[in-house]
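# Residue-level structure breakdown
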Amino acid sequence: NRLSTMLARMRLLVALVALLQLQTSLCFTGPFTGGSQLLSLGLRSGNGLVGARSDVPRLRSGAKTAVSMADDIGDKKKWQDLAEKLADPFVSPFEKPAIAVELATMSTDIVQSVQDVASGKVLPEEELLGKQGKKQLRGARAVARQLSEDILPSASTEGQKLVESLQQGSVRGSGSGSLSAAGERLQRQILQQLDEATATGSFAGPGKGNLKLPSPEELLTEVRNAVQGTDEGLESPAYEVVSAYGDWEIRKYDAMLTSTVAMKTAEGSRLEQGGNAFNSLASFLFGENTAGEAMAMTTPVITTVREDGDSTSMSFVLPSKYGLETAPRPKTSDISLEEVPPVTVAAIEFPGFATKEEVVRQRETLLRGLQAKGWVRDESTALSVTVLQYNAPYTLPTVRRNEVLIKLDEGWIAPAAEGGDAVGA
């Protein structure tokens with residue numbers, strides 16, 4: 001009887017944790033910034049993976065997720081994390097019996113947690129959620145703030161710009177250049193591609209060879225990444241964490257090669273500008289280059305921002321196997337290749353949407369943190385700020401990983417604990 005009661009409590013608690021997780025993660029996904037982002041589903045070329053899952057090993061050194069930055073204090077295993085793992089549909093069913101047995105040994109802790117919640121000593125989300133659940137809850141609160149303070153107030157302005165852009169396109173003529181004619185051509189192309197995919201199992205790629213449909217394993221990886229906010233299978237720039245201060249840290253990045261395109265403010269709304277820039281870089285990466293070579297997609301997407309948070313340029317990091325001399329060249333002068341030297345930055349991570357208002361908030365938080373730790377900036381020098389976005393557009397916004405980076409260049413003087421010299425000296 002005692003064992004049956006304990007198991008019943010465990011099942012009830014696991015269900016409660018799963019329900020709380022579901023409540024914090026049920027939020028609509030953000031808008032696509034461009035149609036070409038659909039290519040990041042994991043299409044393949046004849047030479048390997050294109051646009052998403054790369055066989056190149058992950059290169060991040062000392063990289064941390066939003067959870068580990070805030071909660072990575074002590075390695076003691078908690079029943080809340082085990083309960084989340086037991087409820088995780090991506091965990092192998094062969095592992096779950098052992099997890100359940102280990103969870104059963106923590107029955108005293110589980111009962112104590114339930115009693116503390118029932119008595120009102122602690123809030124349910126503080127006591128019953130593990131790291132992933134708390135991460136999703138923080139993400140849900142961040143998304144709610146971004147929606148109410150950033151997205152909804154600016155929606156009417158951005159919507160008006162989009163309507164004006166569409167109207168301008170529709171009045172250019174009723175012939176082959178009109179908006180309706182363009183829509184009909186796009187529809188025909190999509191239907192043709194679907195017919196070819198059904199018949200051959202591949203899409204015609206922009207470069208040499210065909211883009212193969214993703215395998216079931218790759219699709220499962222994409223689903224896991226979208227739901228959990230991971231970036232499994234994508235190569236990232238290598239860096240070392242020099243100092244960690246809870247929600248932010250100091251990093252040293254290795255040199256990297258980037259492809260960059262300027263964000264043209266005359267191209268309509270901020271969403272359109274981002275979509276156009278992304279599409280240009282994605283086309284270059286997927287084969288629209290002088291070599292006709294399809295390269296693997298990397299993460300993150302990097303944008304430079306002005307003081308008001310608006311973006312001025314967008315960059316993709318090229319796979320590490322390429323150098324400036326060996327990388328395929330862009331076919332258009334709008335895209336430039338640049339060797340970025342090793343750099344020291346301050347970085348802060350945040351979930352949800354990288355709205356310009358959120359970028360400004362995170363930048364100011366990071367500046368206050370640097371000041372509190374003794375970093376001094378020459379106010380006469382320009383502040384170099386970039387935004388990093390790691391996830392596909394269909395990732396749940398509550399688990400997205402975004403970062404704001406401030407370059408600690410010659411305009412900064414490090415505190416005594418970090419050397420006390422100008423960084424660029």
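Scroll up for the structure.
Computed from a predicted structure; not experimentally measured.

## Concerning the sheet that holds strand β8 (residues 301–305)
- Spatially, nine strands are ordered β5-β6-β11-β14-β13-β8-β9-β7-β10 in an open sheet, and the strand pairing comes out antiparallel. Each of the sheet's edge strands pairs with one partner strand only, and the pair in question is β5 (239–245) and β10 (335–340). Going from strand to strand, the sheet's axes swing by 30° on average, the running direction of each strand aside.
- Where strand β13 (residues 385–389) lies against strand β14 (residues 402–407), five bridges are found, and the strand directions are antiparallel. Across the sheet, V385 pairs through a bridge with I406, a residue of β14.
- Running over the sheet, helix α10 (residues 270–285) touches β7 (256–262), β8, β9 (311–317) and β10 and is turned about 25° from β9.
- Of the strands in this sheet, β6 (248–253), β8, β11 (343–350), β13 and β14 are in contact with helix α11 (residues 356–372), which crosses β11 at around 120°.

## Quick word on α10
- Compared with an ideal rise of 1.5 Å per residue, which puts 16 residues at 22 Å, α10 spans 23 Å between its outermost C-alpha atoms and is within 8% of the ideal.
- Looking only at α10, the buried set comprises E272, Q273, G274, G275, A277, F278, L281, A282, F284 and L285.
- Directly after α10, the chain includes G287, whose backbone phi takes a positive value near 135°.

## As for the packing of aromatic side chains
- Scanning all chains against the criterion turns up three aromatic pairs.
- A ring pair is formed by Y239 and Y253, whose centres lie 4.9 Å apart and whose planes are at 50°; its orientation type is tilted. One end of the pair, Y239, is in strand β5; the other, Y253, is in strand β6, and 14 residues separate them in sequence.
- Judged by its relative accessible area of 1%, Y239 falls in the buried class.
- Y253 sits in the buried class, given a relative accessible area of 6%.
- Taking the centre distance of 4.6 Å and the plane angle of 35° together, the rings of Y245 and W248 count as tilted.
- Under the relative-accessibility criterion, Y245 is labelled partly exposed at 24%.
- On the accessibility criterion, W248 (8% relative accessible area) is buried.
- Over the aromatic face of Y239 sits the side chain of R251, whose NZ or CZ is 4.3 Å from the ring centroid.
- Its end group placed over the ring of Y390, R401 keeps NZ or CZ at 3.8 Å from the ring centre.

What counts and how
Residues numbered from 1 in each chain as written. Predicted model: local features only at pLDDT ≥ 70, side-chain atom pairs only at ≥ 80, totals over all residues. Heavy atoms only, no water. Pairing = 2+ DSSP bridges. Helix = DSSP H or I, 4+ residues; strand = E, 2+ residues; numbered from the N terminus. Axes fitted to C-alpha atoms, helices over the stretch in contact; angles between N-to-C directions. Contact = heavy atoms within 4.5 Å. Expected span 1.5 Å × (residues − 1). Buried < 20%, exposed > 50% of the residue type's maximum accessible area, 1.4 Å probe, protein only. Phe/Tyr/Trp six-rings, centres within 6.5 Å; stacked < 30°, edge-to-face > 60°. Lys NZ or Arg CZ within 6 Å of the ring centre and 35° of its normal.

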